[in-house]
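Now for the letters of each chain:
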Amino acid sequence: EDQVTQSPEALRLQEGESSSLNCSYTVSGLRGLFWYRQDPGKGPEFLFTLYSAGEEKEKERLKATLTKKESFLHITAPKPEDSATYLCAVGRRDDKIIFGKGTRLHILP
Amino acid sequence: EPEVTQTPSHQVTQMGQEVILRCVPISNHLYFYWYRQILGQKVEFLVSFYNNEISEKSEIFDDQFSVERPDGSNFTLKIRSTKLEDSAMYFCASTRDSQETQYFGPGTRLLVL
């Protein structure tokens, strides 16, 4: 069965304390892995799409990497405004997207 | 920057009533989707729509649900007879190509009493 598992469920960091969020997946026919940010009561906001193992993408303090079984979202020197839930999702070749439960990230000033 | 919009932002309804949730996808996008997120749970796929027909649907999307693109801009989700367990955030998403990233709207919070 296709599955997306994110860890940890929640993470509290001090401002400036770098860390990584993990997304492990099993899917038949991966067409892409997506990272979204979701603020409370809002829709998922697109961050990155990764298509193949070894691929990396960066945006400001965030960097996403992909292997054949997992993806990492690295956060370097985070700020309080980076506090949000980070969602990982995998796209299947039949057009469906399967989301993980997310990691709730809280950055303390 | 173009974005997906949804109306209403909040909807409260009585059990058994019909609701229609509306979405305006990004204008040059061709693939449209509905998802739902029950409070505290993961985002779940409901249905995908392309070329005026459903291309995929999940087990959640039963006979009580329907989708429509009534004109060139709107994309709607109808729930015929709402149940308490339909209470959730409903997100619309769109993409230009099914292989590309999906962009999400802000959601409609549906509360069924």
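Residues numbered from 1 in each chain as written. Chains lettered and ligands numbered in written order. Predicted model: local features only at pLDDT ≥ 70, side-chain atom pairs only at ≥ 80, totals over all residues. Heavy atoms only, no water.

Asker: Just checking my understanding: could you explain the overall build of chain A for this structure?
Answerer: The number of helices and strands found in chain A is 0 helices and 11 strands. Radius of gyration (C-alpha) of chain A: 13 Å, near the 13 Å computed for a compact globule of 109 residues. Counting only C-alpha atoms and orienting by the principal axes, one finds that chain A spans roughly 45 × 30 × 20 Å. Of all 109 residues assigned to chain A, the portion counted as buried reaches 49%. A separation threshold of at least 6 residues defines the contact pool for chain A, and within that pool the share at least 24 residues apart is 54%. A total of about 5300 Å² of accessible surface is found on chain A, and carbon and sulfur atoms cover 47% of it. For chain A, the centre of its 16 positive side-chain charges and the centre of its 16 negative side-chain charges are spaced 3 Å apart. (Helix = DSSP H or I, 4+ residues; strand = E, 2+ residues; numbered from the N terminus. Rg over C-alpha atoms; globule rule 2.2 N^0.38 Å. Buried < 20%, exposed > 50% of the residue type's maximum accessible area, 1.4 Å probe, protein only. Contact = heavy atoms within 4.5 Å. Areas by Shrake-Rupley, 256 points an atom, 1.4 Å probe, with all protein chains shown as cover. Lys, Arg positive; Asp, Glu negative; His and termini not counted. Charge placed at Lys NZ, Arg CZ, Asp CG, Glu CD.)

Asker: Could you clarify how one ought to interpret the sheet that holds strand β1 (residues 3–7) of chain A in this entry?
Answerer: The pairing of strands in a sheet comes from backbone hydrogen bonds and takes either a parallel or an antiparallel form. Residues and elements named next belong to chain A. Spatially, 5 strands are ordered β1-β3-β8-β7-β6 in an open sheet, and the strand pairing comes out antiparallel. Edge positions in the sheet fall to β1 and β6 (56–59), since each has one partner strand and no second. On average, adjacent strands in this sheet sit at an angle of 15° to one another, irrespective of strand direction. Bridging between β6 and strand β7 (residues 62–66) involves 4 bridges; their strand directions are antiparallel. Bridge assignment links glutamate 56 to a residue of β7, and that residue is threonine 65. (Pairing = 2+ DSSP bridges. Axes fitted to C-alpha atoms, helices over the stretch in contact; angles between N-to-C directions.)

Asker: Looking at this structure, how should I read the interface of chain A and chain B?
Answerer: Size of an interface, as often reported, equals the accessible area lost when the parts are brought together. Taken together, the contact pairs 20 residues of chain A with 23 residues of chain B. Across the contact surface, chain A and chain B share 0 salt bridges. Seen at the junction of chain A and chain B, the total is 4 residue pairs in polar contact (both at pLDDT 80 or more). The set of elements that each furnish at least two residues to the side of chain A that touches chain B consists of β4 (30–38), β5 (45–50) and β10 (97–99) of chain A. With 4 residues, the single largest contributor to the side of chain A that touches chain B is β4 of chain A. Taken together, the residues of the side of chain A that touches chain B sort by class into 9 nonpolar, 5 polar and 6 charged. (Salt bridge = Lys/Arg side-chain N within 4 Å of Asp/Glu carboxyl O. Polar contact = N/O pair within 3.5 Å; in protein donor to acceptor, adjacent residues only side chain to side chain. Nonpolar A, V, L, I, M, F, W, Y, C, P; charged D, E, K, R; others polar.)

Asker: Whenever I open this one, the pairing of β4 of chain A confuses me. Can you help?
Answerer: The side chains of a regular strand alternate, residue by residue, between the two faces of the sheet. Residues and elements named next belong to chain A. Of all 9 residues making up β4, 8 are buried, and the element is well covered by its neighbours. Pairing of β4 with β5 involves 5 bridges; the strand directions are antiparallel. Bridge pairing in β5 links phenylalanine 34 to threonine 49. Between β4 and β5, which pair antiparallel in sequence order, lie 6 residues; one of them, glycine 41, sits at a positive phi of approximately 75°.

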